Amino acid sequence: MPIEYYLLIAGVILMSVELAVPGFGIFGIGGLICLTGGGYFLLGGGFPALAVLLGFYVVAALVLGFLCVYLPKESKWNPFVLWDKQQNSAGYTGGSDFSQLLGKQGVALTTLRPAGTALIEGKRYDVSSLGDFLPKDSHIVVAKVEGSKLFVDLVKE
């Protein structure tokens with residue numbers, strides 16, 4: 001059996017190993033080199049064989065580049081991207097707006113070190129102190145609101 005067939009068989013085996021075994025691409029690069037060498041010898045060698053192989057690799061690179069640009073825009077090819085917009089009218093909502101609680105007073109239901117639970121206007125909220133340790137049953141005031149996070153401080157009397 002001539003060497004080109006050995007190179008082609010070795011290339012196919014190495015590419016199969018690359019598909020089956022996760023790695024750094026060493027088997028794939030070796031398989032690509034073997035397939036290229038086998039193709040070169042199978043085509044008869046010389047400049048015409050190099051031209052055919054170079055043309056093949058240029059076309060393959062162009063097709064791969066086109067697919068890399070086109071396929072991410074198609075949702076059927078990218079299952080990891082949520083393509084549908086989530087509308088509020090369909091029941092999707094973000095975090096609650098607690099800005100109306102700014103300046104309201106309440107009582108710490110748990111020890112705040114710095115996070116815990118507080119009772120503000122008769123409702124339980126997850127709150128954080130502004131870095132200080134606040135004991136249970138201390139009177140607090142909402143000092144800062146960041147989105148759905150409430151930051152509290154002791155009531156200054």
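Whatever comes next refers back to the structure up there.
Analysis parameters
- Residues numbered from 1 in each chain as written.
- Predicted model: local features only at pLDDT ≥ 70, side-chain atom pairs only at ≥ 80, totals over all residues.
- Heavy atoms only, no water.
- Salt bridge = Lys/Arg side-chain N within 4 Å of Asp/Glu carboxyl O.
- Buried < 20%, exposed > 50% of the residue type's maximum accessible area, 1.4 Å probe, protein only.
- Pairing = 2+ DSSP bridges.
- Helix = DSSP H or I, 4+ residues; strand = E, 2+ residues; numbered from the N terminus.
- Axes fitted to C-alpha atoms, helices over the stretch in contact; angles between N-to-C directions.
- Parallel < 35°, antiparallel > 145°, perpendicular 65-115°, else oblique.
- Left-handed = near helix turned anticlockwise from the far one by under 90°.
- Nonpolar A, V, L, I, M, F, W, Y, C, P; charged D, E, K, R; others polar.
- Polar contact = N/O pair within 3.5 Å; in protein donor to acceptor, adjacent residues only side chain to side chain.
- Contact = heavy atoms within 4.5 Å.
- Core = buried A, V, L, I, M, F, W, Y, C linked by side-chain atoms within 4.5 Å.

## Focus: the pattern of salt bridges
Here the structure, examined in full by the defined rule, presents three salt bridges. For Lys-144, the salt bridge identified is with Glu-146, shortest N-O distance 3.3 Å. Here Glu-146 falls in the partly exposed class, since its relative accessible area comes to 41%. We note a salt bridge from Asp-153 to Lys-156, for which the minimum N-O separation is 3.9 Å.

## Focus: the pairing of strand β3 (residues 123–129)
Examined bridge by bridge, strand β2 (residues 115–120) and β3 share six bridges and lie antiparallel to one another. Bridge assignment links Ile-120 to a residue of β3, and that residue is Lys-123. Turn length for the β2-β3 hairpin, with the two strands adjacent in sequence and antiparallel, is two residues, and the turn residue Glu-121 shows positive phi of about 55°. Sheet analysis places β3 next to strand β5 (residues 149–154), joined by three bridges and oriented parallel. The residue bridging Ser-129 from the neighbouring strand is Val-152, located in β5.

## Side note on the packing of helix α1 (residues 3–20) against helix α2 (residues 26–42)
Where α1 meets α2, the axes come as close as 7 Å, and the angle between the chain directions of the two elements is 155°. It follows from the interaxial angle that α1 and α2 lie roughly antiparallel. With respect to the hand of their crossing, α1 and α2 are arranged in left-handed fashion. Among the residues making up the contact of α1 with α2, the classes are represented as 16 nonpolar, seven polar and two charged.

## Regarding the pairing of β5
Bridge analysis of strand β4 (residues 139–146) against β5 gives six bridges, and the strand direction is antiparallel. Its bridge partner lying in β5, Val-141 is registered against Asp-153. Where β4 folds back on β5, the antiparallel hairpin that results is connected by two residues, among which Gly-147 adopts a positive phi of roughly 65°.

## Here's the deal with the side chain of Ser-129
With respect to the element layout, Ser-129 can be found in strand β3. Note on Ser-129: relative accessible area 5%, which makes it buried. Within polar-contact distance, the side chain of Ser-129 engages the backbone oxygen of Asp-132 at 2.5 Å. Not counting chain neighbours up to four residues away, the residues in contact with Ser-129 comprise Leu-112, Pro-114, Leu-134, Phe-151 and Val-152.

## Looking at the nonpolar core
Of all hydrophobic cores here, the largest spans 13 residues; its most connected members are Leu-101, Ile-120, Tyr-125, Val-127, Leu-150 and Val-152. If we ignore the near neighbours within four places in the chain, the residues touching Leu-101 are Ile-120, Glu-121, Tyr-125, Val-142 and Leu-150.

## A look at the sheet that holds β5
The strand order around the closed barrel formed by five strands is β1-β2-β3-β5-β4, and the pairing between neighbours is mixed. Put simply, the sheet's adjacent strands are angled 55° from each other on average, direction ignored.

## Concerning the packing of α2 against helix α3 (residues 46–70)
Running from amino to carboxyl end, α2 crosses α3 at an angle of 140°, the nearest separation of the two axes being 9 Å. Considered as vectors, α2 and α3 are oriented oblique to each other. In this structure, the crossing between α2 and α3 has a hand that is right-handed. Counted together, Leu-32, Thr-36, Gly-39 and Tyr-40 of α2 and Gly-46, Ala-49, Leu-50, Leu-53 and Tyr-57 of α3 form the full contact between these two elements. Taken together, the residues of the contact of α2 with α3 break down into six nonpolar, three polar and no charged.

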